[in-house]
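What the coordinates show
Chain residues, written in single-letter form:
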Amino acid sequence: MSLMVRATAFVFADPRTQALHDVIERVAPSEATVLITGETGTGKELVARHVHALSRRRNADFVAINCGAFSETLIESELFGYERGAYTGASQGKAGWFETAHGGTLFLDEVGDLPLAMQVKLLRVLQEREVVRLGARRAVPIDVRLIAATNIDLSEAVRAGRFREDLYYRLQVIALPVMPLRERSGDVLPLAHHFLSTYARRLQVDDARLTPEAERALLSYPWPGNIRELENVMHRAVLLSRAGLVSPAELNLPGWHSNPGFAPALAPAAVPATAANAHAAAQPSTNGANAQHATAAVAETAAAVTYAGATAAQHAGWQPPPGSYAASSPAKPPWHASDMASSPPVAHTASAAGGLLNAWQALLASGETIAFESLQQELVLAAWEHCQRNQVRAARHLNISRNILRTYLKKAEVIV
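One structure accompanies this document, and this report is about it. What you are looking at is a predicted structure, and each value in this text was computed from that prediction instead of being measured.

1. So, the overall build of the protein
Scanning the protein from N- to C-terminus turns up 19 helices and 13 strands. Across the 416 residues that make up the protein, the buried fraction comes to 46%. Counting only carbon and sulfur atoms, one obtains 52% of the accessible surface of the protein, whose full area is about 20,000 Å².

Have a look at this one:
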């Protein structure tokens, strides 16, 4: 177990994470650039800190920054620094993060969100081992080990033209893929017990422990939010526990019942029924009320398309969050305690997509003014809710960039 600054725990209990730990121990002493991949909440920064702690730079600084936290106009000055007078308001020069991490390790999280123009400059820094401040003419040598992380598929981003191929190969000299928690079940209970003892000690709860039913619930849950979600669940469970005893009721895991084999799934007939509803709403109309019904049918059927296209591994054991678009929509598919199919219901997806087209045709034929931006907003919000408010999955599901998705979400005022 590795416990470090701003880190909680990275447990190497599952055989697959033990194999990852072996790779980390072999590559950490080198100076090679490392690319860590994995879903949000899987502990990528913990892995990066572990690499740093086992390297020759362990006594130097570990500097972590999030590339998605800066706007395109600020990212260059933040990474590479700037000279006095480089732009309006630059009253004095400032070193960038590369210079700040000189002699140590620089961790670039969400490197896949870097604009293409900045990717070119990052590539040159990695090749030449020097940076040029904004507004300067002289390069500054740097001695930095770079560790990058991303929660998107960079190879797919390369094919789509959103990420430079040469930078991709420069970054992944050493590739460390961190598996989602649902694929390393051997880590679930060790992590849960660690968080349980940590929060019990912090909240002064004596003799905190999990019941056997709670342990079964933890093992049967798919953990879409990964380790971050598990930590929050255990924190809440300790707060709600009686005399330190944590049962499934205190865990409050969506979709889990007393049956340890419970795995909610979509009813096979749910999506065709939704498509039929959309088709019924798609009959020719000339009044505003029918146009509104058609608009609602478009959004509802689109939500059904995203439900029908989801894989079993991603959504086993899940219900739409209370208060979400998916939970409030009359077209949401019902959830049942039956085993989930091993593959996405392709026929249902096609049927729902046909219903969406019919509803759209009806809306066009109504002659009413279409609030297209609002409709787009509803479709994006429905996909975001369906993906448990995970921006990376929602962007991948909609085949758009995360920045575009965040633009929609900010306009809807659901994120800041």
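2. Describing the packing of helix α8 (residues 188-202) against helix α10 (residues 226-240)
Running from N to C, α8 and α10 point in directions that differ by 45°, and their axes come no closer than 9 Å. Looking at the two axes, α8 sits oblique to α10. The two elements α8 and α10 meet at a crossing, and its hand is right-handed. The segment α8 lies against α10, with Val188, Leu191, Ala192, Phe195, Leu196, Tyr199 and Ala200 engaging Ile227, Leu230, Glu231, Met234, His235 and Val238. The residue inventory of the contact of α8 with α10, partitioned by class, reads 11 nonpolar, one polar and one charged.

3. Details of the packing of aromatic side chains
What the rule picks out here adds up to four aromatic pairs. With 5.7 Å between their ring centres and 25° between their planes, Phe80 and Phe98 make a pair best called stacked. With a gap of 18 residues between them, Phe80 in helix α3 (residues 75-80) and Phe98 in helix α4 (residues 97-100) connect regions that are remote in the sequence. The class of Phe80 is buried, set by a relative accessible area of 3%. According to the relative accessible area criterion, Phe98 is buried, its value standing at 2%. Arranged with centres 5.1 Å apart and planes meeting at 55°, the rings of Tyr168 and Tyr169 form a pair that is tilted. Using a relative accessible area of 49% as the deciding quantity, one classes Tyr169 as partly exposed.

4. Quick look at the sheet that holds strand β5 (residues 105-109)
The strand order across the open sheet formed by five strands is β2-β5-β8-β1-β9, and the pairing between neighbours is parallel. Either end of the sheet is taken by a strand with one partner, and the two such strands are β2 (62-66) and β9 (174-177). Taking each pair of neighbouring strands and ignoring which way they run, the sheet shows an average axis angle of 20°. By the bridge criterion, four bridges tie β5 to strand β8 (residues 145-150) in an arrangement that is parallel. Bridge assignment links Phe107 to a residue of β8, and that residue is Ile147.

5. Comments concerning helix α17 (residues 372-386)
An ideal rise of 1.5 Å per residue puts 21 Å on 15 residues; α17 measures up with 21 Å between its terminal C-alpha atoms. When we look at burial in α17, the residues that qualify are Leu375, Gln377, Val380, Leu381, Ala382, Ala383, Trp384, Glu385 and His386.

6. So, a nonpolar patch on the surface
On the surface, a cluster of nonpolar side chains totalling about 270 Å² of accessible area is made up of Leu203, Leu239 and Leu240. Relative to the helices and strands, Leu203 is located in the loop between α8 and β10 (209-210).

7. Section: unusual backbone geometry
Phi is positive for Arg129, which is not a glycine, with a value near 55°. The topology assignment puts Arg129 in the loop between α5 (116-128) and β6 (130-132). Owing to a relative accessible area of 34%, Arg129 belongs among the partly exposed residues under this scheme. Not every positive phi belongs to a glycine, and Asn226 is a case in point at roughly 60°. Residue position: Asn226 is located in helix α10.

8. Focus: the side chain of Glu76
With respect to the helices, strands and loops of the structure, Glu76 is situated in helix α3. Not counting residues within four places of it along the chain, the set of residues in contact with Glu76 comprises Gly81, Met118, Lys121 and Leu134.

9. Focus: the pattern of salt bridges
Overall, the coordinates contain 16 salt bridges when judged by the stated rule. Between Glu39 and Arg393 there is a salt bridge, and its shortest N-O distance comes to 2.9 Å. Linking Glu39 in the loop between β1 (34-37) and α2 (44-53) with Arg393 in helix α18 (residues 391-398), this pair joins segments that are 354 residues apart in sequence. Both residues of the pair, Glu39 and Arg393, belong to the buried class. Two residues, Asp187 and Arg184, come together in a salt bridge whose shortest N-O distance is 3.1 Å. Where salt bridges share partners, they join Glu31, Arg57 and Asp143 into one cluster.

Calculation criteria
Residues numbered from 1 in each chain as written. Predicted model: local features only at pLDDT ≥ 70, side-chain atom pairs only at ≥ 80, totals over all residues. Heavy atoms only, no water. Helix = DSSP H or I, 4+ residues; strand = E, 2+ residues; numbered from the N terminus. Buried < 20%, exposed > 50% of the residue type's maximum accessible area, 1.4 Å probe, protein only. Areas by Shrake-Rupley, 256 points an atom, 1.4 Å probe, with all protein chains shown as cover. Axes fitted to C-alpha atoms, helices over the stretch in contact; angles between N-to-C directions. Parallel < 35°, antiparallel > 145°, perpendicular 65-115°, else oblique. Left-handed = near helix turned anticlockwise from the far one by under 90°. Contact = heavy atoms within 4.5 Å. Nonpolar A, V, L, I, M, F, W, Y, C, P; charged D, E, K, R; others polar. Phe/Tyr/Trp six-rings, centres within 6.5 Å; stacked < 30°, edge-to-face > 60°. Pairing = 2+ DSSP bridges. Expected span 1.5 Å × (residues − 1). Patch = residues over 30% accessible without salt bridge, like charges linked within 9 Å, V, L, I, M, F, W, Y side chains within 5 Å. Salt bridge = Lys/Arg side-chain N within 4 Å of Asp/Glu carboxyl O.

Bear in mind that shape data such as this cannot, by itself, settle questions of function.
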